[in-house]
Amino acid sequence: MAKFRKKKSGEQQAINTASLPDIVFMLLFFFMVSTTMKEVTLKVSIQAPEATELAKLEKKSLVTYIYVGVPTKQYQSMYGTEPRVQLNDQFATVADIQSYIAQERDAMKENDRPKMTTSIKADYDCPMGIITEIKQALRKAQALKINYSARQKVEYN
Amino acid sequence: MGKRSVPEVNAGSMADIAFLLLIFFLVTTTMDTDSGLSRRLPPPVEQEETDTPPIKERNVFTVLLNSKNQLLVEGKPMRVEELKDATKEFILNEGRDEKLPEFNQVEIDYFGLYEVSKGIISLQNDNGTQYAKYLMVQNELQRAYSELRNELARRKFRKDYADIEDEEQKAIRKIYPQRISEAEPKNIGKN
């Protein structure tokens, strides 16, 4: 009866993992292409307000950011709890904005300069006083294209 | 002559390396595309020009926002939810009301001679106004314009404003130009 012996059922066949690196590489390339490194570490806490009529900021290289908000916990002892302006990696005052914009503009290519956009990323609870001051500074710096950063809101009514 | 075989490189750890890189990019990636409300600031004025022609009262839609985030539109208190419709009514002026803005006859591509409203929206806020509220008002004003443009695009081209050609969009923008003027800031009612 040895002829019809059952196949050994105990040993399970191992799954072929030869294509695993390919899959992983594919994912890797996807993330490498779509990734944008975080440029700055935020020192102010920002919760963006909500809006519905959003326009996307197309080219990252044309955008200059101004962050406005209350300093985060570890900086509160030094900078207080009033909303502050952050440019690049450090705290600044509204008076610094003009030179900051000029500096950013100089770093751009000649024909990109008119397309320069300034994105104001401000906390929803900021008083308008500081925002208005920033706007006036931007006007003086001839950075007239601005964008109030906001999150998409679920449509009402 | 003994045949020397080239030793194969062991690629077993390739997956591990790739995984490591993958995890690194997964962690550092931020997928958010920035978006927000786009606006154009007026160019700076060197001196206060005194001889600018005055704008007629009927052509101005005054929106005031105070430090308690209350809205005053054309002298009447209003909720934000009503602002969009009030703005549309002001720009359209369907009944050709004496109190609502006048119209200019302008030659426009695709449309021919068309009546364009002379209305201007004047937005003024207080230093103590909450930023979120201000943005909400800006958003509502923008929404009024988008809806007007969309309605016109659907009537004329049977398509949404976003789907029509650039030239057509330009024509519609000429009919409904977005004229929001922001007054120089005042500091009233601060406490």
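Above this text is the structure in question.
Peer 1: Describe the sheet that holds strand S7 (residues 120-125) of chain B, listing the residues and the values that go with them.
Peer 2: Residues and elements named next belong to chain B. Spatially, the five strands line up as an open sheet ordered S4-S3-S2-S7-S8, and their pairing is mixed. Only two strands of the sheet have a single partner each, and these edge strands are strand S4 (76-78) and strand S8 (180-182). Between one strand and the next, the sheet's axes are offset by a mean angle of 30°, whatever the strand orientation. Of the pairings in the sheet, the one linking strand S2 (residues 60-65) to strand S3 (residues 71-73) comprises three bridges and is antiparallel in character.

Peer 1: I'd like a description of the side chain of Thr129 of chain B, backed by residues and values.
Peer 2: Among the structural elements, Thr129 of chain B can be located in the loop between S7 and helix H3 (131-157). Within polar-contact distance, the side chain of Thr129 of chain B engages the backbone oxygen of Asn66 of chain B at 3.3 Å.

Peer 1: Outline the packing of helix H3 (residues 97-106) of chain A against helix H4 (residues 128-140) of chain A, supporting the account with residue identities and numerical values.
Peer 2: Residues and elements named next belong to chain A. For the pair H3 and H4, the least separation of the axes is 9 Å and the interaxial angle reads 45°. Considered as vectors, H3 and H4 are oriented oblique to each other. For the pair H3 and H4, the crossing hand works out as right-handed. Here Ile97, Gln98 and Ile101 of H3 come into contact with H4, specifically with Ile134, Ala137, Leu138 and Lys140. Considered class by class, the residues forming the contact of H3 with H4 number five nonpolar, one polar and one charged.

Peer 1: Residues and numbers for empty space enclosed by the protein, please.
Peer 2: Residues and elements named next belong to chain B. According to the stated counting rule, one finds one cavity of 30 Å³ or more in the structure shown. In this structure, the largest cavity occupies an estimated 40 Å³ of space. In this structure, the largest cavity is lined by Ile91, Ser117, Gly119, Tyr145, Ile175, Tyr176, Pro177 and Arg179. Residues belonging to the lining of the largest cavity are distributed by class as follows: five nonpolar, two polar and one charged.

Peer 1: How would you explain the interface of chain A and chain B if you had to name every residue and give the values?
Peer 2: In this assembly, 54 residues from chain A lie in contact with 48 residues from chain B. A buried area of about 4,500 Å², summed over both sides, lies between chain A and chain B, and 61% of it is on carbon and sulfur atoms. Three residues stand out in chain A for area buried against chain B, namely Glu53, Arg139 and Tyr148 of chain A, and they jointly supply 17% of the buried area on that side. Applying the counting criterion to the chain A and chain B interface returns one salt bridge. Residue Lys135 of chain A pairs with Glu182 of chain B through a salt bridge whose shortest N-O separation is 2.7 Å. The tally of links from chain A across to chain B stands at 20 residue pairs in polar contact (both at pLDDT 80 or more).

Peer 1: Before we move on, could you go through the nonpolar core and cite the residues and values that matter?
Peer 2: Grouped together as the largest cluster of nonpolar side chains are 60 residues, with contacts concentrated most on Ile97, Ile120, Ile134, Leu138 and Tyr148 of chain A together with Val63 and Tyr131 of chain B. In terms of residues, this core owes the most to one element, H3 of chain B, which gives ten residues. Residues contacting Ile120 of chain A, with those up to four places away along its chain left out, are Ile66, Val68, Ile134, Leu138, Ile146, Asn147, Tyr148 and Ser149 of chain A together with Tyr131 of chain B. Core analysis: the next-biggest nonpolar cluster, separate from the first, contains seven residues, Val40, Val44, Tyr65 and Phe91 of chain A among them.

Peer 1: Describe in detail unusual backbone geometry, supporting the description with residues and values.
Peer 2: Even without being a glycine, Asn93 of chain B presents a positive backbone phi close to 45°. Looking at the element boundaries, Asn93 of chain B is found in the loop between helix H2 (80-92) and strand S5 (103-108).

Conventions and cut-offs
- Residues numbered from 1 in each chain as written.
- Chains lettered and ligands numbered in written order.
- Predicted model: local features only at pLDDT ≥ 70, side-chain atom pairs only at ≥ 80, totals over all residues.
- Heavy atoms only, no water.
- Pairing = 2+ DSSP bridges.
- Helix = DSSP H or I, 4+ residues; strand = E, 2+ residues; numbered from the N terminus.
- Axes fitted to C-alpha atoms, helices over the stretch in contact; angles between N-to-C directions.
- Polar contact = N/O pair within 3.5 Å; in protein donor to acceptor, adjacent residues only side chain to side chain.
- Parallel < 35°, antiparallel > 145°, perpendicular 65-115°, else oblique.
- Left-handed = near helix turned anticlockwise from the far one by under 90°.
- Contact = heavy atoms within 4.5 Å.
- Nonpolar A, V, L, I, M, F, W, Y, C, P; charged D, E, K, R; others polar.
- 1 Å grid on protein atoms, 1.4 Å probe; cavity = no way out; pocket = protein on both sides within 12 Å on 5 of 7 lines; lining within 4 Å.
- Points joined across faces, edges and corners; volume = space filled by probe spheres on them.
- Buried area = accessible area lost by both parts, 1.4 Å probe.
- Salt bridge = Lys/Arg side-chain N within 4 Å of Asp/Glu carboxyl O.
- Core = buried A, V, L, I, M, F, W, Y, C linked by side-chain atoms within 4.5 Å.
- Buried < 20%, exposed > 50% of the residue type's maximum accessible area, 1.4 Å probe, protein only.

So yeah, pure geometry; function would need other evidence.
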